[in-house]
Structures are given as structure tokens and as C-alpha cells.
Amino acid sequence: MRLSPIFRLIAGITLIRLAFATTTGLGVDESYMVTSGRVLSLGYFDHPPASWWLSWGAAHLFGTEAPWAVRLPFILLFALSQVLVWRITCMVADRRAGFWAVLALNLSPVFGVTTGTWVLPDGPLDAALLGAALCLLHALPAAGRRALGWWAAAGLCAGLALFSKYSAVLTIGGAFFYLLTSRPHRHWLARPEPYLALILAVVVFSPVVIWNATHGWASFAFQGDRAAGLQLRPLMPVQTLAGEALFVLPWVWVPMMFLFVSAFWRGAIWPRRLLVWLAAPPVVGFALISAWSSQRMLYHWAAPGYLMLFPLLGEAVARRSDRAWVRGLFAGSAALVVVSLAVIATQLQFDWLGGRLSTIMRSDPTVEGLDWTSIGADLRARGLLPPGALVAALNWRDAGKIGHALGPGTTMLCLSSDPRQFGVAHPLSEYAGKDALLLTVDPAPAATSWFRSLQVLPSTSVRLDGRTLRTVTVLRGEALVPRP
């Protein structure tokens with residue numbers, strides 16, 4: 001039985017993604033999530049549990065924290081996201097448009113590379129939001145039990161989205177504003193089905209509320225602070241949108257935004273208007289927040305908004321797909337992405353660029369995409385990592401990279417005023433008076449106040465093919481002294 005073109009596309013790109021996941025190490029955020037997430041919990045300091053549970057489950061299922069293992073659930077979820085984009089586009093337009101929408105999605109770096117491969121909350125978030133959007137497209141024109149079923153499914157998907165990342169509330173809010181402004185579908189606000197969906201979403205999300213209530217609302221406060229502060233920067237929304245354009249791909253972002261604005265300005269049939277309303281809160285919201293927030297806006301935060309616009313883009317491309325410049329643009333984008341992935345993967349395997357990257361950039365990014373396994377091998381050879389060893393670092397980024405390199409047989413502490421999830425998984429108060437191996441990445445900051453005494457041992461290093469990328473100072477700390 002021959003697979004249809006869309007499923008051949010998804011299967012082929014998934015295999016490429018698996019190869020990339022296998023040949024590259026975990027990034028800083030990925031290492032942090034895998035290491036600090038070794039202690040299973042109803043909630044976590046940074047985000048809701050979905051992505052933490054997925055990486056924890058994969059590591060235990062396969063018996064390894066190797067990149068391919070912990071990334072596999074996210075790669076499979078992105079394959080599901082592609083199917084959902086295709087189905088949504090088929091409802092808005094047709095199968096041909098769906099093919100182009102999925103192809104464009106894979107060529108967009110923020111989706112095709114990061115969301116589609118890495119251990120991040122965005123993978124389960126995007127799949128759940130797309131599931132909710134598809135359910136709404138079915139629910140709004142339906143009646144009776146069929147409508148009830150689709151509304152319930154939409155509520156469950158919305159709950160899973162919230163269970164993945166708090167920013168899902170923006171897209172859910174977009175659905176409410178659509179119902180409020182849509183004359184054909186406003187009557188749903190007077191019916192019980194949407195409120196049943198809301199109740200189901202809250203039930204799915206409730207473990208996160210319970211965890212926060214028992215942990216001083218730490219996670220809510222951490223994320224809420226990102227929109228806090230008052231520092232008027234009227235041009236920052238322009239910079240934010242420009243950064244998002246780079247993450248999406250400028251030649252994808254520009255027509256996408258034209259379709260977005262046109263759907264509001266000129267009006268559109270209801271499925272398209274629903275999608276642009278789902279897109280509007282993340283796209284517009286984060287740009288506006290950047291105008292006053294003292295916190296830096298990360299460009300991928302608005303990605304769920306752009307996700308909802310790929311069906312519109314796929315339809316527009318399908319109408320022009322016979323033009324040479326359109327096919328050339330997609331072919332060139334595909335070549336750019338594949339070559340970029342090949343360069344990254346081979347650099348992390350063979351170090352063929354050597355130290356040339358550090359002369360171009362402020363620092364060599366190779367060290368961030370490389371698993372620091374050389375540290376663990378060296379320390380074990382020196383007998384410094386017995387089973388159950390207590391190891392510490394001075395910030396959550398280094399703690400993640402070091403902890404992943406040393407493996408789950410060690411307990412990783414973070415000696416910092418901002419330990420993130422490490423402070424929840426392993427509170428320092430529980431280890432007061434204990435000895436620990438302290439590893440600090442050069443240049444080593446002062447750490448004497450954390451221990452009664454420190455003994456300097458021979459240093460170790462992060463190495464790739466014989467080249468030293470980072471020197472790591474090794475100290476034996478006696479009697480940990482937690483700070484208040």
C-alpha cells in the first residue's frame with residue numbers, strides 16, 4: 001500500500017530529525033530539564049509538567065538519558081503536529097494546501113528544528129493547541145451529541161496545552177474572543193458545551209494549581225514576573241516582531257503576516273477567522289508586552305500564534321505553486337535547513353571547524369550543543385564519583401550540563417540564589433553539613449561561603465576530538481553551608 005505524499009513527507013522528515021537528534025548533544029535548556037527533572041513532581045518551577053514527564057518517562061523506558069531517547073517523544077509529537085496542521089488545512093482549503101502548509105512548517109527553524117526536536121515545553125504545547133483548534137473547527141458547525149463530543153475533546157486538548165506551558169492561556173483566550181465577535185457562532189456562549197470544555201481544561205490543569213499552592217505559588221510568580229516592570233520602550237515591539245520573523249524565516253513571516261492582517265481587515269470565512277483569532281493573542285500580546293516590560297522577550301514565545309497561520313499560508317502557496325519562484329524559494333529554504341543541520345551535526349561529531357567559530361562569535365557555541373561526557377569519564381577515572389555522589393555547580397545552566405554528563409547516579413545541587421528547579425528537587429537545607437564535589441566552569445567565581453572549607457583538586461575539561469572547549473575547576477567542599 002502506497003503512502004500518500006503528505007505521510008511520505010512527514011515520515012522522511014521525521015527520520016532526518018531522528019538522525020539530527022542522535023548526532024547532537026542536549027542544549028543548555030534541555031540538559032537543565034532532563035537533569036533537574038529526574039525527581040518526578042506534580043509541578044515544576046519553570047513550566048507545567050508535560051515536557052518534564054515526557055523526558056523522564058523516555059529516560060526510564062529506554063534506560064538512558066541519551067539525546068535520542070529523551071528527544072524521541074518530542075519528535076513523535078511534532079509528527080502528530082504535522083498531521084494536525086494537514087487536517088486543519090484540509091478543512092480550511094484542500095489536501096494540496098495541506099501539503100504546502102506542512103512543508104512550510106518544517107522549513108521554519110523555530111518549529112522544524114527547536115520545537116520539532118528538542119526537549120522543550122513547546123512540543124507538547126503545539127500538538128495540544130493544534131488538537132484543540134481542530135476540535136473547534138468540528139464543534140462550531142455541529143449539533144447535538146456530536147457537538148458535545150467535539151467540545152469535550154477541545155477542552156481536554158486545551159487542558160493538555162495548559163499542562164505544557166502557561167502561555168497556552170493566550171490561544172485559549174483567542175477562542176473566546178472569536179466566539180464573542182462571530183455572529184454565526186456567538187450563540188455558543190449561551191450554551192453549556194463551551195463551559196464543559198472549560199471545566200475539563202481546568203481539571204486537566206489542576207495538578208499544576210495544587211503544586212503551586214503547596215510551593216508558595218513559585219511557578220506562577222516566576223512566569224508572571226516576565227510581564228512585570230515598567231520601562232517604556234516604544235520601539236521594542238518592532239524589534240520583537242523582527243526577531244520573531246528571523247525565527248520563523250523572513251520569507252515565511254512576511255506573507256504570513258499579510259494573510260493575518262488581511263483576514264481581519266477584509267474579513268474571511270469563519271474557519272480562517274477562527275485561526276487568526278487563535279493566532280492574535282500570542283503574536284500581538286508579546287509584542288505589546290515588550291513595550292513596557294523590563295524583562296527580555298524571547299522570540300519563540302509567540303510561536304504558537306504563528307503556528308495557527310500555516311494553514312492560511314499553505315492555501316496561499318498552493319494557489320501559486322506552479323510558479324518557478326515559489327518552488328525555487330521552497331527548494332532553497334529546504335537546502336538551507338538541511339545544510340545547516342548537517343554543519344551543526346558534523347561539527348559536534350568531528351569538530352572540523354575547530355576554534356574558528358570563537359573568532360567569529362563571542363564564544364564557541366559548540367560547547368553548548370555538546371554533551372559534556374568528558375567530564376564524567378575523567379572524574380570517574382580519578383575515583384571522584386562513587387555511587388550516589390553529591391555534586392554541586394554555581395548556576396542552573398552549568399548544573400544542567402554537568403548533571404546530565406555525570407548521569408542519574410549523582411545528585412546535582414545548584415549553589416545559587418536562582419537555582420530554578422534544582423532548588424525544588426534538591427533543597428540545600430536537606431544537605432547541610434554534607435561534603436560535595438564542586439565543579440565550576442572557568443572563570444571560577446568565589447565559592448568559599450558555601451562550605452566550611454574547600455580543597456582545590458586538579459581541574460578537568462570539556463573536550464571534543466582532543467580540543468579543550470571549557471576548563472572546569474574541581475573542588476572538594478567540606479560541610480555545606482546553605483544560605484538563607
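For the structure, see preceding data.
The notes below deal with the structure included here. (Residues numbered from 1 in each chain as written. Predicted model: local features only at pLDDT ≥ 70, side-chain atom pairs only at ≥ 80, totals over all residues. Heavy atoms only, no water.)

### Notes on unusual backbone geometry
Here comes step 1: Located in the positive-phi region is Trp217, a residue other than glycine, with phi close to 55°.
Here comes step 2: Along the chain, Trp217 falls in the loop between helix 10 (193–213) and helix 11 (218–224).
Here comes step 3: Unlike most non-glycine residues, Asp351 shows phi in positive territory, near 55°.
Here comes step 4: With respect to the helices and strands, the residue Asp351 is situated in the loop between helix 17 (324–350) and helix 18 (356–360).
Here comes step 5: Overall, Asp351 belongs to the buried group, its relative accessible area being 10%. (Helix = DSSP H or I, 4+ residues; strand = E, 2+ residues; numbered from the N terminus. Buried < 20%, exposed > 50% of the residue type's maximum accessible area, 1.4 Å probe, protein only.)

### Considerations on the environment of Gly112
Here comes step 1: You can see Gly112 is positioned in helix 6 (residues 109–117).
Here comes step 2: Residue classification places Gly112 among the buried residues on the basis of a relative accessible area of 8%.
Here comes step 3: Sequence separation of Gly112 and Ala153 is 41 residues, and the distance between their C-alpha atoms is 26 Å.
Here comes step 4: In contact with Gly112, not counting residues within four places along its chain, are Arg17, Phe78, Leu105, Asn106 and Thr117. (Contact = heavy atoms within 4.5 Å.)

### Brief notes about the side chain of Ser36
Here comes step 1: Summarising the element assignment, Ser36 is placed in helix 2 (residues 28–36).
Here comes step 2: Within polar-contact distance, the side chain of Ser36 engages the backbone oxygen of Tyr32 at 2.6 Å.
Here comes step 3: Discounting chain neighbours no more than four positions away, the residues touching Ser36 are Trp52, Gln421, Phe422 and Ala425. (Polar contact = N/O pair within 3.5 Å; in protein donor to acceptor, adjacent residues only side chain to side chain.)

### Some points on the side chain of Thr117
Here comes step 1: Along the chain, the position of Thr117 falls in helix 6.
Here comes step 2: Residue class for Thr117 comes out buried when judged on its relative accessible area of 1%.
Here comes step 3: Within the structure, Thr117 has its side chain in polar contact with the backbone oxygen of Val113 (distance 3.1 Å).
Here comes step 4: Excluding its chain neighbours within four sequence positions, the residues that come into contact with Thr117 are Arg17, Phe20, Ala21, Arg71, Phe74, Ile75 and Gly112.

### Points about the pairing of strand 2 (residues 411–414)
Here comes step 1: A two-sided burial pattern is seen for strand 2, the buried positions comprising Thr411 and Leu413 on one face and Met412 and Cys414 on the other.
Here comes step 2: Note that strand 1 (residues 390–393) and strand 2 share four bridges and pair parallel. Across the sheet, residue Leu390 finds its bridge partner in strand 2, namely Thr411.
Here comes step 3: The handedness of the strand 1 to strand 2 crossover, carried by helix 20 (residues 396–406), is right-handed. (Pairing = 2+ DSSP bridges. Right-handed = clockwise from strand over helix to strand, strands pointing away.)

### Considering the pairing of strand 3 (residues 436–441)
The side chains of a regular strand alternate between both faces of the sheet.
Here comes step 1: Within strand 3, six of the six residues are buried, which leaves it mostly tucked inside the rest of the structure.
Here comes step 2: Across two bridges, strand 1 lies against strand 3 in parallel orientation. The residue bridging Val391 from the neighbouring strand is Leu437, located in strand 3.

### A closer look at the nonpolar core
Here comes step 1: Core analysis: the largest hydrophobic core is formed by 92 residues, its most contacted members being Phe111, Trp151, Tyr306 and Phe310.
Here comes step 2: If near-sequence neighbours (up to four positions away) are discounted, Phe310 is found in contact with Val85, Ala101, Ala104, Leu105, Ser108, Phe111, Val252 and Met256. (Core = buried A, V, L, I, M, F, W, Y, C linked by side-chain atoms within 4.5 Å.)

### A closer look at the pattern of salt bridges
Here comes step 1: Enumeration over the complete set of coordinates arrives at 11 salt bridges.
Here comes step 2: Where Arg191 meets Glu193, a salt bridge forms, and the shortest distance between an N and an O atom there is 2.9 Å.
Here comes step 3: Judged by its relative accessible area of 35%, Arg191 is partly exposed. (Salt bridge = Lys/Arg side-chain N within 4 Å of Asp/Glu carboxyl O.)

### Regarding the packing of aromatic side chains
Here comes step 1: Taken as a whole and assessed by the stated rule, the structure comprises 22 aromatic pairs.
Here comes step 2: Through a chain of ring-to-ring contacts, the aromatic side chains of Tyr32, Tyr44, Trp52, Trp396 and Phe422 assemble into a single cluster. (Phe/Tyr/Trp six-rings, centres within 6.5 Å; stacked < 30°, edge-to-face > 60°.)

### A word on helix 12 (residues 236–248)
Every α-helical turn comprises 3.6 residues, leaving residues that sit three or four positions apart pointing alike.
Here comes step 1: Between its first and last C-alpha, helix 12 extends 18 Å over 13 residues, near the 18 Å set by a 1.5 Å rise per residue.
Here comes step 2: Contact partners of the buried residues in helix 12: helix 6, helix 13 (250–265), helix 14 (270–289) and helix 15 (303–307).
Here comes step 3: Once helix 12 ends, the next one or two residues include Leu249, with phi positive near 110°. (Expected span 1.5 Å × (residues − 1).)

Distances and angles like these do not, on their own, reveal function.
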